[in-house]
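Okay, here's what each chain looks like letter by letter:
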Amino acid sequence: MKLLVTGGAGYVGSVVSAQLLEAGHEVVVLDDLSTGHEDAVPAGARLVRGTLRDAAFATLDGAGFDAVLHFAARSLVGESVQKPGLYWDGNLGESLALLDAMRRAGVGRIVFSSTAATYGEPESTPIPETAPTRPTNPYGASKLAIDTTIGEYARLHGLGGVSLRYFNVAGARGEQGERHTVETHLIPNVLKVATGEKESVNVFGEDYPTPDGTCLRDYIHVVDLGEAHLLALEACAPGAHEIFNLGSGAGYSVREVIEVCREVTGHPVPVVAGPRRAGDPAVLVASSDKIRSALGWKPERDLRTMVADAWAFIQSR
Ligand SMILES: NC(=O)c1ccc[n+]([C@@H]2O[C@H](COP(=O)([O-])OP(=O)(O)OC[C@H]3O[C@@H](n4cnc5c(N)ncnc54)[C@H](O)[C@@H]3O)[C@@H](O)[C@H]2O)c1
Ligand SMILES: O=c1ccn([C@@H]2O[C@H](COP(=O)(O)OP(=O)(O)O[C@H]3O[C@H](CO)[C@H](O)[C@H](O)[C@H]3O)[C@@H](O)[C@H]2O)c(=O)[nH]1
C-alpha cells in the first residue's frame, strides 16, 4: 500500500514506519518536526515537512494513497492542563484538517494513535474498550474527541477507521527509539540516571493503594505496538470504526520498573521519593482481549526486553 504516516519523525511513528517499509509498503512521512527528528525518519521513507493543516491535502490529493497512519500529536499531559487550547487545536483541530483532506482526496482508511488517557480514572481493571471514557486532562479529552470524529466520518462518509488505545509504550527497535527533548516517561528517565545524565529518579507518590504504594502501569514494547498497526491497517473496513486497547494485561509498579532498570544496566539508580503527580491514576492496566480475538494480536516482548532495548538504543547514540 501507499501510506501517509503523520508524526513519522517521532518515537512511535518512526519505528512503525520502518516496520511498514520492511513489510513492503511505500511510506511518506508528514511531520512538522515540532517534537520529532529528521534523522529518525527511516531510509526509504520520504519526509514532507509541515503541519497537517498546511500540508495534508496537498500531499494526499491525486497521489494515490491507500491509507493514513496518524501518530502526529502533542502528548504531554501536564502541558495540556496548562495550555488546553494548544491541545484542542494541535490535536483535534489538526486531525479535523487531516480527516477533511482524506475525504476530499478520496483516501478511505485511517489507523489512529489513541490512548489509555481517554478512560481517565478507571472504575475497575483490566480496562476493556467498553469502559466509561472520562478523561482527566485535555490531552486525553482531545484524543477522545478525535476517536469520536473518526467514528462519525465512518458512519457518514464511509471511512474505514481503527483507533488503537496505547497504554505505556516503551523499548526501541535497533537505532530507533525514544528521544523526546522534554521527557516525562518513566523508563527513559530512569535510564538517564544510569547514563549519568541525571543523579536520581523521582518516584511520584508512594502512598497509592497498590502492593508497594507506587502506581501500576501496563507497558507495551513499541515493536509489538507496530505489529498491531500492520494488522489494523488490513482490518480497516469501509463505514466501520473499531477501537482496540493495546497493552499486555500485566501491571508493573514504578518500583518494579526501576528494579528491572537496575538489573539491566548494572547501575544502582538512586531514588528520591516525591509527592504524587497530579492526575496519575493508581492503576492503569489494559484488557486487550478484543484485539487478540478480532485480529489475532498478542504482545511477545516483556518488560525486561523493553528496558534492554531502550538501554541498547541509548548507548548506541
Ligand atoms: N509514547 C506513549 O507512551 C504513548 C501512549 C499513548 C498514546 N501515544 C500517542 O502515540 C503518538 C506518538 O507518540 P510519540 O511518543 O511517538 O510522540 P512524539 O512526540 O515522539 O511524536 C509525535 C510526532 O508528531 C509530530 N507532530 C506533532 N504535531 C504535528 C502536526 N500538527 N503536524 C505534523 N506533525 C506533527 C512531531 O514532530 C513528532 O515527530 C501520539 O499521538 C501519542 O499521543 C503515545
Ligand atoms: O520520573 C518519573 C516519571 C514517571 N513516574 C511514574 O511512572 C508511571 C508512568 O509514568 P509515565 O509518564 O511513563 O506514563 P503515564 O502512565 O503517565 O503516561 C502514559 O499514559 C498516559 C495516559 O494516562 C498517556 O497516554 C501517555 O502518553 C503515556 O505515556 C506513573 O505512575 C508516574 O507517576 C515517576 O514516578 N517518575
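Here is a short report on the structure shown in this document. (Residues numbered from 1 in each chain as written. Chains lettered and ligands numbered in written order. Predicted model: local features only at pLDDT ≥ 70, side-chain atom pairs only at ≥ 80, totals over all residues. Heavy atoms only, no water.)

1. Topic: the overall build of the protein chain
Keep this limit in mind: Each helix corresponds to a stretch of at least 4 residues labelled H or I by DSSP, and each strand to a stretch of at least 2 residues labelled E; elements are numbered beginning at the N terminus. When we talk radius of gyration, it's over C-alpha atoms, and the globule rule is simply 2.2 Å times the number of residues to the 0.38. Residue burial is assigned from relative accessible area. The probe radius is 1.4 Å, only protein chains are included, and a residue is buried under 20% of its type maximum, exposed over 50%, and partly exposed in between.
A tally of helices and strands in the protein chain yields 10 helices and 14 strands. Whereas a compact globule of 317 residues would reach a radius of gyration of roughly 20 Å, the protein chain reaches 19 Å, a difference of no more than 12%. Considered along the principal axes of its C-alpha atoms, the protein chain spans approximately 55 × 40 × 40 Å. Buried positions account for 53% of the 317 residues belonging to the protein chain.

2. Here's the deal with the packing of helix H2 (residues 52–60) against helix H4 (residues 84–105)
Which entries qualify depends on this criterion: To obtain an axis, a line is fitted to C-alpha atoms, over the contacting stretch when the element is a helix, and the angle between two such axes runs from 0 to 180 degrees between their N-to-C directions. Relative orientations are named as follows: roughly parallel for angles under 35 degrees, roughly antiparallel for angles over 145 degrees, roughly perpendicular for angles from 65 to 115 degrees, and oblique for any other angle. Note on convention: near helix rotated counterclockwise from far helix by under a right angle means a left-handed crossing. Clockwise means right-handed. Contacts between residues were defined by any pair of non-hydrogen atoms, one from each residue, lying within 4.5 Å. For this classification, the nonpolar set comprises Ala, Val, Leu, Ile, Met, Phe, Trp, Tyr, Cys and Pro, the charged set comprises Asp, Glu, Lys and Arg, and every other residue, Gly included, is treated as polar.
The N-to-C vectors of H2 and H4 enclose an angle of 15 degrees; their axes lie 9 Å apart at closest approach. Between H2 and H4, the angle is such that the two are roughly parallel. The chirality of how H2 crosses H4 is right-handed. Contacts between H2 and H4 involve Leu52, Arg53, Ala56, Phe57 and Leu60 from the former and Asp89, Gly93, Glu94, Ser95, Ala97, Leu98, Ala101, Met102, Arg104 and Ala105 from the latter. Residue composition of the contact of H2 with H4, grouped by class: nine nonpolar, two polar and four charged.

3. Some thoughts on the packing of aromatic side chains
Our working definition: A pair of Phe, Tyr and Trp rings is counted when the ring centres sit within 6.5 Å of each other, with Trp represented by its six-membered ring. The angle between the planes then sorts it: under 30 degrees is stacked, over 60 is edge-to-face, the rest tilted. Criterion for a charge above a ring: Arg CZ or Lys NZ at most 6 Å from the ring centre, at most 35 degrees from the ring normal.
All told, the structure shown has zero aromatic pairs when counted by the stated rule. Just above the ring of Phe65 sits the side chain of Lys2; from NZ or CZ to the centre is 4.7 Å. For the cation-ring pair, Arg104 lies above Phe57, with the distance from its terminal atom to the ring centre recorded as 3.8 Å.

4. So, the pattern of salt bridges
Using the following cut-off: When a carboxyl oxygen of Asp or Glu is within 4 Å of a side-chain nitrogen of Lys or Arg, the pair counts as a salt bridge.
All told, the structure shown has 18 salt bridges when counted by the stated rule. A salt bridge links Asp280 to Arg217, with the shortest nitrogen-to-oxygen separation between them at 4.0 Å. Placement of the pair is Asp280 in the loop between strand E13 (271–274) and strand E14 (283–284) and Arg217 in strand E9 (residues 216–217), with a sequence separation of 63 residues. Owing to a relative accessible area of 16%, Asp280 belongs among the buried residues under this scheme. By relative accessible area, which is 10% here, Arg217 ends up buried. Connected through shared salt-bridge partners, Arg53, Asp89 and Glu94 make up one network.

5. Some thoughts on the site of ligand 1
How we decide: Near is defined per residue: the residue qualifies when any heavy atom it owns lies within 4 Å of the molecule or strand. N or O atoms closer than or at 3.5 Å make up a polar contact, with two conditions inside protein: a donor-capable atom paired with an acceptor-capable one, and, for residues adjacent in sequence, both atoms drawn from side chains. Note that accessible areas follow from Shrake-Rupley with a 1.4 Å probe, and for residues the cover is restricted to the protein chains shown.
Surveying the vicinity of ligand 1 reveals 29 residues, the closest of which are Asp31, Thr35, Tyr139, Lys143 and His180. Within the backbone of Gly10, an N or O atom sits 3.1 Å from an oxygen atom of ligand 1. Note that a nitrogen atom of ligand 1 is positioned 3.5 Å from one of the backbone N or O atoms of Leu52. For ligand 1, the protein covers 95% of the area, taking 830 Å² as the surface of the free molecule. Every element with two or more residues in the shell around ligand 1 is listed here: helix H1 (11–22), strand E5 (109–115) and helix H5 (138–157). Among the elements that line the shell around ligand 1, the one with the most residues is E5, at three residues. Residue composition of the shell around ligand 1, grouped by class: 12 nonpolar, 13 polar and four charged.

6. Focus: the site of ligand 2
Around ligand 2, the surrounding shell holds 17 residues, and the nearest of these are Thr115, His185, Asn202, Arg277 and Asp280. One of the side-chain N or O atoms of Arg217 is found 2.7 Å from an oxygen atom in ligand 2. Here ligand 2 has 680 Å² of accessible area as a free molecule, and 91% of this is covered by the chains. If one sorts the elements of the shell around ligand 2 by residue count, strand E8 (residues 201–204) sits on top with three residues.

Just geometry here; none of it tells us what the structure is for.
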